[in-house]
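Single-letter residue listing:
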Amino acid sequence: MSELNQKQLLELVTSVNVAPGNARVRALVARVVGDLFKTIDELDVSADEFWKAADWLSRLGTSGQVGLITAGLGFDRLLDIRADEADERAGRSGGTPRAIEGPLYVAGAPLSKVEARLDEGNSAGEVFVMEGQVRTLAGQPVAHALIDVWHANSQGGYSHFFPGLKPYELRRRIETDAKGHYRFRTALPPGYSIPPNSPTSELFEALGRHGHRPAHVHFLVAAPGQRTLTTQVNIPGDTYIDDDFAFATRDGLIVELERGVAPAGYESLGISAPFV
Ligand code: MBD
Ligand code: FE
């Protein structure tokens, strides 16, 4: 092809020459590639640096860490901030704040009605029970809502991603009763850390950032005719409660723990006083 300057090259990269293609994709690619061309030019990126970055991206993909880096670079929280802003504009305020799904959700966990044990009686950790009620923003109970709950084990690892856990260990779906109530028993999780010696940890080291999340439990709450809520609760007292690498903690999501108390009426979940 003929000689090209940078501007001509960028125009050619996203010019239509075979089929109409997809205008939205073209607009997005033109902007992102244009911004990268500009970055390379203005920050004087060398060929070595560029190919090192390309290699890092390849390794990131193979290691399955794309969803980890999007969270660590703030994209997941950005989408939540934008969703919050849209809610505010639409006058939908209040309710449990949303929090990012993260990269470790697995669909299809065992389903039970009203209550569940996530730990199957063999996960190490402090016994933790939680109960609640699913309500609409107007405060109406939501009958038969479906709640997905998932969290890490005592090593900070999630089933399906970390060796040594059974399929769906520490993951359950619970259908609420007619008044929106649910409850579960599990093993209180510790925090999560980015796997060492991985593409994500490499970038975080270069950025001088840590890769820790405070202890948390994830929820996905769905019901017919309702918008789905993706959220988390945080366990108080964690070192990283205000310093989450994934920017997913929120003030309204830190639960209060009552320690050393055997809740009454939990015999079906294997709890009876005196509490051990
Ligand atoms: C997690 O456990 C998590 O919840 C998020 C958001 C990112 C990485 C690991
Ligand atoms: Fe998590």
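1. Observations concerning the coordination of the iron ion (ligand 2)
Part 1 of the reasoning: Only Tyr158 (OH), His216 (NE2) and His218 (NE2) from the protein coordinate the iron ion (ligand 2), and they sit 2.0 to 2.1 Å from it.
Part 2 of the reasoning: Going along the chain, you hit the donors of the iron ion (ligand 2) in the pattern Y-x57-H-x1-H. Here Tyr158 is found in the loop between strand S4 (146-150) and strand S5 (171-175), whereas its partner His218 is found in strand S9 (residues 216-222), with 60 residues between them in sequence. The same class applies to Tyr158 and to His218, which are both buried.

2. So, the sheet that holds strand S1 (residues 111-113)
Part 1 of the reasoning: The mixed open sheet is built from five strands, whose spatial order is S1-S5-S4-S9-S10. Since the sheet does not close on itself, it has two edges, and those belong to S1 and strand S10 (229-234), each with one partner. Between one strand and the next, the sheet's axes are offset by a mean angle of 25°, whatever the strand orientation.
Part 2 of the reasoning: Pairing of S4 with S9 involves five bridges; the strand directions are antiparallel. Each bridged residue has a counterpart across the sheet, and for Asp148 the counterpart in S9 is Leu220.

3. Regarding the side chain of Arg250
Part 1 of the reasoning: Within the secondary structure, Arg250 is located in the segment after S10.
Part 2 of the reasoning: Reaching out from Arg250, the side chain makes a polar contact with the backbone oxygen of Arg98 at a distance of 2.9 Å.
Part 3 of the reasoning: Not counting residues up to four positions away in its chain, the partners in contact with Arg250 are Arg77, Asp84, Pro97, Arg98 and Asn234.

4. Side note on a negative patch on the surface
Part 1 of the reasoning: A contiguous patch of negative charge on the surface is contributed by Asp41, Glu42, Asp44, Asp48 and Glu49.
Part 2 of the reasoning: Secondary structure elements with two or more residues in the negative patch: helix H2 (23-42) and helix H3 (47-62).
Part 3 of the reasoning: As for its placement among the helices and strands, Asp44 is situated in the loop between H2 and H3.

5. Quick notes on the packing of helix H1 (residues 6-13) against H2
Part 1 of the reasoning: Between H1 and H2, the shortest axis-to-axis distance is 10 Å and the interhelical angle comes to 155°. Taken together, the axes of H1 and H2 lie roughly antiparallel to each other. Of the two possible hands of crossing, H1 and H2 adopt the one that is right-handed. Contacts between H1 and H2 pair Gln6, Leu9 and Leu10 from the former with Ala30, Val33, Gly34, Phe37 and Asp41 from the latter.

6. Focus: the sheet that holds strand S2 (residues 115-117)
Part 1 of the reasoning: If you trace the three strands from one edge of the open sheet to the other, you get S2-S6-S3, paired in mixed fashion. Looking at which strands have only one partner, the edges of the open sheet turn out to be S2 and strand S3 (127-133). Ignoring strand direction, the axes of neighbouring strands in this sheet form an average angle of 10°.
Part 2 of the reasoning: Direction of pairing for S3 relative to strand S6 (residues 181-187): antiparallel, over a ladder of seven bridges. Within the sheet, the bridge partner assigned to Val129 lies in S6 and is Arg185.

7. Section: the nonpolar core
Part 1 of the reasoning: Residues Val149, Phe184 and Phe219 are the most contacted members of the largest nonpolar core, which totals 22 residues.
Part 2 of the reasoning: For this core, the elements supplying multiple residues, two or more each, are S3, S4, S6 and S9.
Part 3 of the reasoning: Of all the elements, S9 adds the most residues to this core, at three residues.
Part 4 of the reasoning: Discounting chain neighbours no more than four positions away, the residues touching Val149 are Leu118, Leu170, Arg171, Arg172, Ile174, Phe184, Val217, His218 and Phe219.
Part 5 of the reasoning: In terms of nonpolar packing, the next biggest core, distinct from the first, is built from 17 residues, Trp56, Ala152, Tyr158 and Ala246 among them.

Conventions used here
- Residues numbered from 1 in each chain as written.
- Chains lettered and ligands numbered in written order.
- Predicted model: local features only at pLDDT ≥ 70, side-chain atom pairs only at ≥ 80, totals over all residues.
- Heavy atoms only, no water.
- Donors = N, O, S within 2.8 Å, 3.2 Å for Na, K, Ca; no water.
- Helix = DSSP H or I, 4+ residues; strand = E, 2+ residues; numbered from the N terminus.
- Buried < 20%, exposed > 50% of the residue type's maximum accessible area, 1.4 Å probe, protein only.
- Pairing = 2+ DSSP bridges.
- Axes fitted to C-alpha atoms, helices over the stretch in contact; angles between N-to-C directions.
- Polar contact = N/O pair within 3.5 Å; in protein donor to acceptor, adjacent residues only side chain to side chain.
- Contact = heavy atoms within 4.5 Å.
- Patch = residues over 30% accessible without salt bridge, like charges linked within 9 Å, V, L, I, M, F, W, Y side chains within 5 Å.
- Areas by Shrake-Rupley, 256 points an atom, 1.4 Å probe, with all protein chains shown as cover.
- Salt bridge = Lys/Arg side-chain N within 4 Å of Asp/Glu carboxyl O.
- Lys, Arg positive; Asp, Glu negative; His and termini not counted.
- Charge placed at Lys NZ, Arg CZ, Asp CG, Glu CD.
- Parallel < 35°, antiparallel > 145°, perpendicular 65-115°, else oblique.
- Left-handed = near helix turned anticlockwise from the far one by under 90°.
- Core = buried A, V, L, I, M, F, W, Y, C linked by side-chain atoms within 4.5 Å.

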